[in-house]
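Survey of secondary and tertiary structure
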Amino acid sequence: MAEGTRTALRLARHVDRLEAEHPPIDLGSVDWTVRRPVEFEERFGHVLDYMARVELEVDRNVLELMTMLPDPPEIDRRFYADVWQPQETRHGLILDRLQVELGRPSAEADLTSIGSKLKVLGALGRWPAFQDVSRMIYYLTGMATERSAVLAYNLLHDGVVEMRESAVAETIVAPIKRQEPGHYAFYQLSARGLWAELAGWQKWFVRRLRTLSFAPVGANNGDQLADFGELMATLGITAQVDDFAAQISRVEAELLWAQRRGLKVPPYVVAAFREAVEKAAARRAGSLTT
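Residues numbered from 1 in each chain as written. Predicted model: local features only at pLDDT ≥ 70, side-chain atom pairs only at ≥ 80, totals over all residues. Heavy atoms only, no water.

1. A word on the overall build of the protein
So the rule is basically this: By definition, any uninterrupted DSSP run of H or I lasting at least four residues is a helix, any uninterrupted run of E lasting at least two residues is a strand, and each is numbered from the N terminus. As a reference, a globule follows 2.2 Å times the number of residues to the power 0.38, and the radius of gyration itself is taken over C-alpha atoms. Classification of residues uses two cut-offs on accessible area relative to the type maximum, computed with a 1.4 Å probe and protein chains only: under 20% is buried, over 50% is exposed, and between them is partly exposed. Any two residues whose heavy atoms approach within 4.5 Å are treated as being in contact. Residue-level accessible areas treat just the shown protein chains as cover; the underlying method is Shrake-Rupley with a 1.4 Å probe.
Within the protein, the secondary structure is distributed over twelve helices and zero strands. Counting from the amino terminus, helix and strand elements in the protein follow one another as α-α-α-α-α-α-α-α-α-α-α-α. Computed over C-alpha atoms, the radius of gyration of the protein comes to 19 Å, within 12% of the 19 Å expected from 2.2 N^0.38 for 290 residues, which places it in the range of a compact globule. C-alpha atoms of the protein, sized along the principal axes, occupy 55 × 45 × 35 Å. Counting over 290 residues, the protein shows a buried share of 50%. Contacts in the protein between residues at least 24 apart in sequence constitute 84% of all its contacts with a sequence separation of at least 6. Carbon and sulfur atoms provide 52% of the accessible area of the protein, an area that totals close to 13700 Å².

So this is what it looks like as structure tokens:
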């Protein structure tokens, strides 16, 4: 059996399992009880807002995918339409309701904007060979996003448990963080399979586009990058930025930069997270420029 066929079968089985075993979280299973709402909101309110916005904006992300990938493999369409979007938007609704229960305003999610660069990629994607370049960028972005989510939700869970907010930890954060690794596994398997099939010129384009376009999940402008920096500070990531960057980009470094022996973290990944920390510090000092 050809390697591409084996990968396709593994992806199909994986999506089958995710759909069967991990339906969207039942809202009726959520306990909204917060024992110390003032203290909890002060510590984690902005984290909930950022995470809720990112999860809710998956609706826009699907529109972006439909724009940049005019003719994706059916397994990709099935994954993002039947598994990823329903699960992630439910995460967003739950996190957003939690912050509203704490007295915060609802997250301001952008559900419709599609950038001109994605439209250009979509036009180029009508050429199948270039659509494979865009697909690879999609998989790499998905890996970084989901790995970031896994790490962030684990740290949030630790903090919520530390505050002894058991209802939030057990019925909100824990169920959400259980669903993220399955998304990461889909992207990783897809990326490994596609990378092995790309021609040299396609790999060059992927490296170039990735270097130019990488950003932390949900950080689309200077204010949002500063918001992400604040999230990193609250979750204790600021003191270990390089390690965090290495964990989310391990497979990316292995695939794209295998020719650079000893390169553990692509420099653009580290630079993006350090910039988030710097922008958060600048905003606190009143000197942030967007």
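2. Quick notes on the pattern of salt bridges
Defined as follows: Take a side-chain nitrogen of Lys or Arg and a carboxyl oxygen of Asp or Glu: if they are within 4 Å of each other, that pair is a salt bridge.
Going through the model one piece at a time under the given rule, you end up with 17 salt bridges. The residue D132 makes a salt bridge to R135 at a minimum N-O spacing of 3.0 Å. With D132 and R135 both in helix α6 (residues 128–162) and three residues apart, the pair spans about one turn of that helix. According to the relative accessible area criterion, D132 is partly exposed, its value standing at 21%. The closest approach of N and O atoms between E254 and R192, which form a salt bridge, is 2.7 Å. With E254 in helix α11 (residues 250–256) and R192 in helix α7 (residues 166–195), the pair connects residues that are 62 residues apart, well separated along the chain. Overall, the relative accessible area of 39% leaves E254 in the partly exposed class.

3. Points about the packing of aromatic side chains
Worth spelling out the cut-off: For this analysis, a ring pair means two rings from Phe, Tyr or Trp (six-membered ring only for Trp) whose centres lie within 6.5 Å, classed as stacked if their planes differ by under 30 degrees, edge-to-face if by over 60, and tilted for the remaining angles.
A full pass over the atoms with the stated rule returns 16 aromatic pairs. Taking the centre distance of 5.4 Å and the plane angle of 85° together, the rings of F79 and Y187 count as edge-to-face. Here F79, found in helix α4 (residues 74–101), pairs with Y187, found in helix α7; they are 108 residues apart in sequence, far enough to count as distant. The exposure class of F79 is buried, given its relative accessible area of 0%.

4. Details of the nonpolar core
Our working rule: The nonpolar core is taken to be a set of buried Ala, Val, Leu, Ile, Met, Phe, Trp, Tyr and Cys residues, with the residues joined through side-chain atoms within 4.5 Å.
One finds F40, F79, I172 and F273 to be the most contacted residues of the largest nonpolar core, which totals 87 residues. Beyond its immediate chain neighbours, meaning those up to four positions away, F273 contacts F214, P216, F228, M232, V241, F244, A245 and I248.

5. Brief notes about the packing of helix α10 (residues 241–248) against helix α12 (residues 267–284)
What counts, and what does not: Structural elements are reduced to axes, namely lines fitted to C-alpha atoms, with helices fitted over the stretch in contact, and the angle between N-to-C directions of any two is expressed from 0 to 180 degrees. Each angle is binned into one of four classes, with values under 35 degrees roughly parallel, values over 145 roughly antiparallel, values of 65 to 115 roughly perpendicular, and all other values oblique. Handedness of a crossing follows from how the near helix is turned relative to the far one, being left-handed for an anticlockwise turn of less than a right angle and right-handed for a clockwise one. All amino acids are sorted into three groups, where Ala, Val, Leu, Ile, Met, Phe, Trp, Tyr, Cys and Pro are nonpolar, Asp, Glu, Lys and Arg are charged, and the leftover types, Gly among them, are polar.
The N-to-C vectors of α10 and α12 enclose an angle of 135°; their axes lie 9 Å apart at closest approach. When the axis of α10 is compared with that of α12, the two are oblique. When you trace α10 past α12, the crossing you get is right-handed. Across from V241, D242, F244, A245 and I248 in α10, the residues of α12 making contact are V269, V270, F273, R274 and V277. For the contact of α10 with α12, the residue count by class is eight nonpolar, no polar and two charged.

6. Quick word on the environment of E180
For clarity, the cut-off: Each polar contact in these results corresponds to two N or O atoms within 3.5 Å; when the atoms are within protein, one needs to be able to donate a hydrogen and the other to accept it, and residues that are neighboring in sequence are counted only if both atoms are side-chain atoms.
Structurally, E180 can be placed in helix α7. Each C-alpha atom of the pair E180 and A169 lies 16 Å from the other, and the pair is eleven residues apart in sequence. A polar contact is formed between the side chain of E180 and the side chain of H91, at a distance of 3.3 Å.

7. Some details on helix α8 (residues 200–213)
Under the convention used in this document: Helices are assigned an expected span. That span is 1.5 Å times one less than the residue count. By arc we mean the arc of the directions from the helix axis to the C-beta atoms, nothing more.
With 14 residues, α8 should cover 20 Å at 1.5 Å per step; its first-to-last C-alpha distance of 20 Å lies within 8% of that length. Among the residues of α8, those classed as buried are Q202, V206, R207 and R210. Taken down its axis, α8 places every buried residue within 140° of arc, on the same side. Of the exposed residues in α8, the ones pointing more than 90 degrees away from its buried face are G200, W204 and L212. Buried residues along α8 sit in contact with α6, α7, α11 and α12.

8. A short note on a nonpolar patch on the surface
Defined as follows: Patch criteria: residues need more than 30% relative accessible area and no salt bridge. Like-charged residues are merged within 9 Å; nonpolar side chains of Val, Leu, Ile, Met, Phe, Trp and Tyr are merged within 5 Å.
A cluster of nonpolar residues, W127, W201, W204 and F205, forms a patch on the protein surface that exposes about 460 Å² of accessible area. Structurally, W204 is set in helix α8.

9. Things to note about helix α1 (residues 3–21)
Taking 1.5 Å per residue as the helical rise, α1 with its 19 residues ought to reach 27 Å, and the 27 Å between its terminal C-alpha atoms agrees with that figure. Every buried residue of α1 is accounted for by T7, L11, H14, V15 and L18. With its buried residues spanning 95° around the axis, α1 presents them on a single face. Pointing more than 90 degrees away from the buried face of α1 are the exposed residues R13 and A20. Each element contacted by the buried residues of α1 is listed here: α4 and α7.

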